[in-house]
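The primary structure of each chain is shown beneath.
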Amino acid sequence: MIDPLMATLDRRLEAGEPPIAAFKATVRDARALLATRFEQGTRASVLVRTAAQFTDAVMQRVWPRFFPADAGASLIAVGGYGRGELHPASDVDVLILTNDDPQSLAEYIEPLVMFLWDIGLEIGHSVRSLGQCVDEARADISVATNLVEARWLAGSGELYAQLGEATGPSHIWPSRQFFSAKREEQRRRHAKFDDSGHNLEPNVKEGPGGLRDIQTIGWVAKRHFGVSTMAALVEHGFLNDQEYRQLKRGEEHLWRIRYALHLLTGRHEDRLLFEYQRVLANQLGYTDADSNLAVEQFMQDYYRRVVEMQRLNEMLLQLFEEAILLDNQLGEPVPINRRFQARSGYLEAVNSGIFARYPLAMLELFLILQQNPQVLGVRASTIRLIRAHRHLIDERFRRDIRARALFLEIFRQREGLTHATRRMHRYGILMRYLPAFHAVTGLMQFDLFHVYTVDEHILMVIRNMRRFALPKHAAECPRCNQVFARIPKTELLYLAGLFHDIAKGRGGDHSDLGAEDAREFCLKHGLSAFDADLVAWLVKKHLVMSSTAQHRDIDDPDIIQDFAQMVGSQTRLDYLYLLTVADMRGTNPGRWNSWKAALLDHLHTRTGAALERGLDQPQEQDEVITERQAEARVRLLKQGYDHDQINLLWMSLSTDYFLQNSADAVVWHTELLWPPGKNFDCLQVELRADPVHRCTDICVYGPDSDELFAHSAALLDQLGLNILSARVQTTSQGLSIGTYLVLEEDGTQIVGEERVQGIKFYMQDSLNSSEPPQGVLRIPRQLRPFQTASEIQFEQDEGRMSTLLRLKTSDRPGLLRLVGQAFAAHKLRLSDARIATAGAEAQDTFAITDRENQPITDPERLHEIAKSLRDILDD
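The structure contained in this document is the topic of the report that follows. (Residues numbered from 1 in each chain as written. Predicted model: local features only at pLDDT ≥ 70, side-chain atom pairs only at ≥ 80, totals over all residues. Heavy atoms only, no water.)

Phe-407, Phe-437 and Leu-498 are the most contacted members of the largest nonpolar core, which has 99 residues in total. Considering each element in turn, this core owes the most residues, nine residues, to helix α30 (residues 570-587). If we skip the residues at most four places from it in the chain, Leu-498 touches Phe-407, Phe-411, Leu-434, Phe-437, Ile-458 and Ile-462. Formed by 98 residues, the second largest nonpolar core is a distinct cluster that contains Ala-154, Val-204, Leu-211 and Tyr-302. (Core = buried A, V, L, I, M, F, W, Y, C linked by side-chain atoms within 4.5 Å. Buried < 20%, exposed > 50% of the residue type's maximum accessible area, 1.4 Å probe, protein only. Helix = DSSP H or I, 4+ residues; strand = E, 2+ residues; numbered from the N terminus. Contact = heavy atoms within 4.5 Å.)

Strand-to-strand pairing in sheets goes through backbone hydrogen bonds, with the strands running parallel or antiparallel. Taken in spatial order, the four strands of this open sheet run β5-β6-β7-β8, and their pairing is mixed. Strands with a single pairing partner mark the edges of an open sheet, and in this sheet they are β5 (334-335) and β8 (377-378). With four bridges connecting them, strand β6 (residues 340-343) and strand β7 (residues 346-349) associate as antiparallel partners. Bridged to Gln-341 within β7 is Glu-348. (Pairing = 2+ DSSP bridges.)

Glancing now at empty space enclosed by the protein. This model, assessed by the stated rule, comprises two cavities of 30 Å³ or more. Along its surface, the largest cavity is lined by 18 residues, and Asp-555, Gln-660, His-693, Arg-727 and Leu-741 are the ones closest to its centre. Elements represented by at least two residues in the lining of the largest cavity include exactly α31 (594-613), β9 (684-690), β11 (721-730) and β12 (735-744). Top contributing element to the lining of the largest cavity by residue count: α31, with three residues. Looking at the lining of the largest cavity residue by residue, the classes come out as five nonpolar, seven polar and six charged. Computed from the structure, the second largest cavity encloses a volume of approximately 40 Å³. The wall of the second largest cavity is formed by Arg-311, Glu-314, Met-315, Ile-383, Arg-387, Arg-426 and Tyr-427. Contributions of two or more residues to the lining of the second largest cavity are made by α14 (294-325) and α17 (380-389). The leading source of residues in the lining of the second largest cavity is α14, at three residues. Here the residues of the lining of the second largest cavity sort into three nonpolar, no polar and four charged. (1 Å grid on protein atoms, 1.4 Å probe; cavity = no way out; pocket = protein on both sides within 12 Å on 5 of 7 lines; lining within 4 Å. Points joined across faces, edges and corners; volume = space filled by probe spheres on them. Nonpolar A, V, L, I, M, F, W, Y, C, P; charged D, E, K, R; others polar.)

Turning next to the packing of helix α9 (residues 175-192) against helix α10 (residues 211-225). Remark: α9 packs on α10, axes separated minimally by 10 Å, with the N-to-C direction vectors making an angle of 175°. One element, α9, and the other, α10, form an angle in the roughly antiparallel class. Packed against α9, whose contacting residues are Ser-175, Phe-178, Phe-179, Lys-182, Gln-186, Arg-189 and His-190, the element α10 presents Arg-212, Asp-213, Thr-216, Trp-219, Val-220, Arg-223 and His-224 at the interface. Across the contact of α9 with α10, the residue classes tally to four nonpolar, five polar and five charged. (Axes fitted to C-alpha atoms, helices over the stretch in contact; angles between N-to-C directions. Parallel < 35°, antiparallel > 145°, perpendicular 65-115°, else oblique.)

Considering the arrangement of structural elements, one finds Gln-619 in the loop between α31 and α32 (621-638). Residue classification places Gln-619 among the buried residues on the basis of a relative accessible area of 17%. On a C-alpha basis, the gap between Gln-619 and Ala-518 in space is 35 Å, while along the polypeptide they are 101 residues apart. If we ignore the near neighbours within four places in the chain, the residues touching Gln-619 are Pro-557, Arg-613, Val-624 and Glu-627.

Across the interface, helix α36 (residues 708-718) lies against helix α38 (residues 815-825) with an axial gap of 8 Å and an inter-helix angle of 170°. Classified by the angle their axes make, α36 and α38 are roughly antiparallel. Of the residues in α38, those touching α36 at Phe-709, Ala-710, Ala-713 and Ala-714 are Leu-816, Arg-817, Gly-820 and Gln-821. Grouping the constituent residues of the contact of α36 with α38 by class yields five nonpolar, two polar and one charged.

Let us now look at the layout of surface pockets. Approximately 1700 Å³ is the volume found for the largest pocket. Considering the residues around the largest pocket, the lining is formed by 50 residues, among which Asp-195, Glu-314, His-419, Arg-422 and Arg-426 are closest to the centre. A class-by-class count of the residues in the lining of the largest pocket yields 18 nonpolar, 16 polar and 16 charged.

Right, let's talk about the sheet that holds strand β4 (residues 151-155) for a bit. Reading across the sheet, the four strands line up as β3-β2-β1-β4 and stay open at both edges, with mixed pairing between neighbours. The sheet is open, and its two borders are formed by β3 (123-129) and β4, each paired with just one other strand. The sheet shows a mean angle of 25° between the axes of neighbouring strands, taken without regard to direction. Against the sheet, helix α3 (residues 44-66) touches β1 (73-77), β2 (92-98), β3 and β4, its axis set at about 30° to β4. Of the strands in this sheet, β2 and β3 are in contact with helix α6 (residues 130-139), which crosses β3 at around 110°.

Turning our attention to the pattern of salt bridges. Within this structure, the stated rule accounts for 56 salt bridges. Between Arg-187 and Glu-184 there is a salt bridge; the shortest N-O distance is 2.6 Å. Separated by three residues within a single helix, Arg-187 and Glu-184 lie in helix α9, roughly one turn from each other. Here Asp-832 and Arg-727 are joined by a salt bridge, their closest N and O atoms 3.1 Å apart. Taken as a pair, Asp-832 in strand β15 (residues 829-834) and Arg-727 in strand β11 lie far apart in primary sequence, 105 residues in all. The same class applies to Asp-832 and to Arg-727, which are both buried. Here the salt bridges do not stand alone but share partners, grouping Asp-553, Asp-555, Arg-606, Arg-628, Arg-727 and Asp-832 into one network. (Salt bridge = Lys/Arg side-chain N within 4 Å of Asp/Glu carboxyl O.)

Attention now moves to the pairing of strand β13 (residues 791-797). By the bridge criterion, seven bridges tie β13 to strand β14 (residues 802-810) in an arrangement that is antiparallel. Each bridged residue has a counterpart across the sheet, and for Asp-797 the counterpart in β14 is Ser-802. Hairpin connection of β13 to β14: four residues between the antiparallel strands, including Met-801 at a positive phi of 55°.

Among all positions of α6, only Leu-130, Cys-133, Val-134 and Ala-137 are buried. Viewed end-on, α6 has its buried residues packed into an arc of 95°, placing them on one side of the element. (Arc of directions from axis to C-beta.)

This paragraph deals with the packing of aromatic side chains. One pass over the full model with this rule turns up 24 aromatic pairs. Relative to Tyr-108, the ring of Phe-67 lies with its centre 5.5 Å away and its plane at 50°, an arrangement referred to as tilted. With Phe-67 in the loop between α3 and β1 and Tyr-108 in helix α5 (residues 106-118), this pair connects stretches of sequence that are 41 residues apart. Judged by relative accessible area, Tyr-108 falls into the partly exposed class, the value being 23%. The interplanar angle of 50° and the centroid separation of 6.0 Å between the aromatic rings of Phe-225 and Phe-320 together place this pair among those described as tilted. Taken together, the positions of Phe-225 in helix α10 and Phe-320 in helix α14 put the pair 95 residues apart, joining distant regions of the chain. Aromatic ring contacts, followed pair by pair, group Phe-397, Phe-407, Phe-411, Tyr-433, Phe-499 and Phe-521 into a single cluster. One Lys or Arg, Arg-151, reaches over the ring of Tyr-81 and ends 5.3 Å from the middle of that ring. (Phe/Tyr/Trp six-rings, centres within 6.5 Å; stacked < 30°, edge-to-face > 60°. Lys NZ or Arg CZ within 6 Å of the ring centre and 35° of its normal.)

And the structure:
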């Protein structure tokens, strides 16, 4: 490919064509040809090297046009270009190396760089003298690393050789320092991605398990061993043939994705953003299946590759550490049992034949690590043995009662379960022992709700459960630590966590399928039928408590009674509560907040009280109202409020009001509306910290109007507040009491008197203005790929004399404002709104009535309301 292009270029130049035009056309033709070859199936590894070779040929023709032969300068490729790899939008990094002060060659350098830009090469250039290069490299590991990749292109070969000598490990950055610096650099880089390659929008180059991890191995190998290819690591005994092939396959896979990403975006883009994932999946040949979207298959392949690269990277860096830092001088072995010993703080097999003779040792290893916390980890040589023998974990192995006992014992240990399960996953043991776990390894769900792949999520849930047992983490979820201390068998909770999502991606209800898997597993592993039923029940019901807390009115005693009937006992309630909290915190930690914690705690408390009272003695609504009024009345009387005047004010409020508001809220609202019969000529706004719901309660009260909810929602959105719940009650005197439970956008509570007063006065002034809130509603980038048609369902709540409108729609800024505008247009009153968001999808429930506080029952009117909402939301 290169020779014909360059021959054509030479002919054009010989014919007198202007150089810029000739070179620019050649660069354009080369890029088009490379793109076509990629679309036709040529491997990315071939194309990136071809692109570098083409660029070499261009550079070698351009250099003598600007630099005389005796200029005392050298043109050197560095970075990725120095490795001989160029993706479609990669920078062409070059070093112009000079003998003397670079300024003396400015008359040559500036025209050269301008020419390269003019012909279409994205040049990243540095100009340094030999001395400057050495000083910069000594001070900065990044510069030194770039020079490790240095490759001569044109100019003085002698000067290039001097650079190699002056920046070699005998002069600067000796192998030990270089390795330590690169390892620390990788640690910091991984930390930016939460040490996970399973991010929703991963970085193909910089993320854990990405191309940079592979490059790190190459840099260390080149610096210490002087090798130029990964294949040489096989000769040095750091990789075996199989591992080398895995490394190259992983590199090829990531190169293919990065190549396609650059072509798709037309720029240097290494992030697999949502808007690119679907397109790339289709371009790379993935197709939708019944239970798995093409994009999910594409991303699962990606995640599995980066996990494999992480495993190889971890093993190789540990081997490098032993060879470079320890100089292969390991401490004396400390016997642990007949199969394992500790050496220099790391666990190792006593010989290379252990796993072949006794495969059960591959499970025993993790138990030993739990029982010996002073051991720091597993030696790389033993990790390699595990990788080589894990195929021995087959059906016969799984049926072995000793294997089953070992696996269960790992989950019964009081220490180290989080590290044990994560190591089992990293070393490929968990998926071998549980084939169902292999199916969900790397499986992502194309949404914003699940921020981890299914396997990572499961391990995160187990980690969250373990933290409930540790006093040092008690502040995270205080109630969970108290409840955890009283559950009889912690291993049952951990097993429920292991199986709760294990059936995802199969089609069908994953809760039902997972429950079947869990029961079968428990019985095969010697658990009693009672314990097996409990684990299976937890898996089957693992979504119910979350759904009830977020989507149902848990102040309603009927809802609590139904939930208590489903649970049946305090023990089951405790297990389900712990599983639910661990699951919600492990699904999207950024979405977990004090409000959700309060909802679950509230539901756990109320249900526990119902179970203690007895399922045959349900609490009546009148009883709840009486209790709340009595508590609020006592507090108000202590403050000097008049008994009869309290009754007079409360007579203007509905029974629903007292069901939906705590005694704290009733006291607060009474203080705000006092005295009875007070005239409000404008809307008022007050804020308070809500101790029950652990958020901020904003009360908007005053003259009623149809647009009040829409306007309030718009203002709260403008203020950067996240509405969690909204309730609007109307008194018999025509006053509106709107209560909005809110948090800041980042999920934290509102703090600071200045912030509180700013919210109050901004809302008060705006609500009493004749101009409705304005603002352009822009959908954020991350939400755009998930825009879906709205789903609207109606349900009659006869007990509350209202109509429930259940809305599923694409989340966006100002959503509640749009909903409120539709309600106002249809003269609807909102009595209650429960706001929940699952990633990019809003799942909200609204209790609505007409202006006479009657439910909406006319099918035609319901149809019109739904149509208006779809028109405004799906436009």
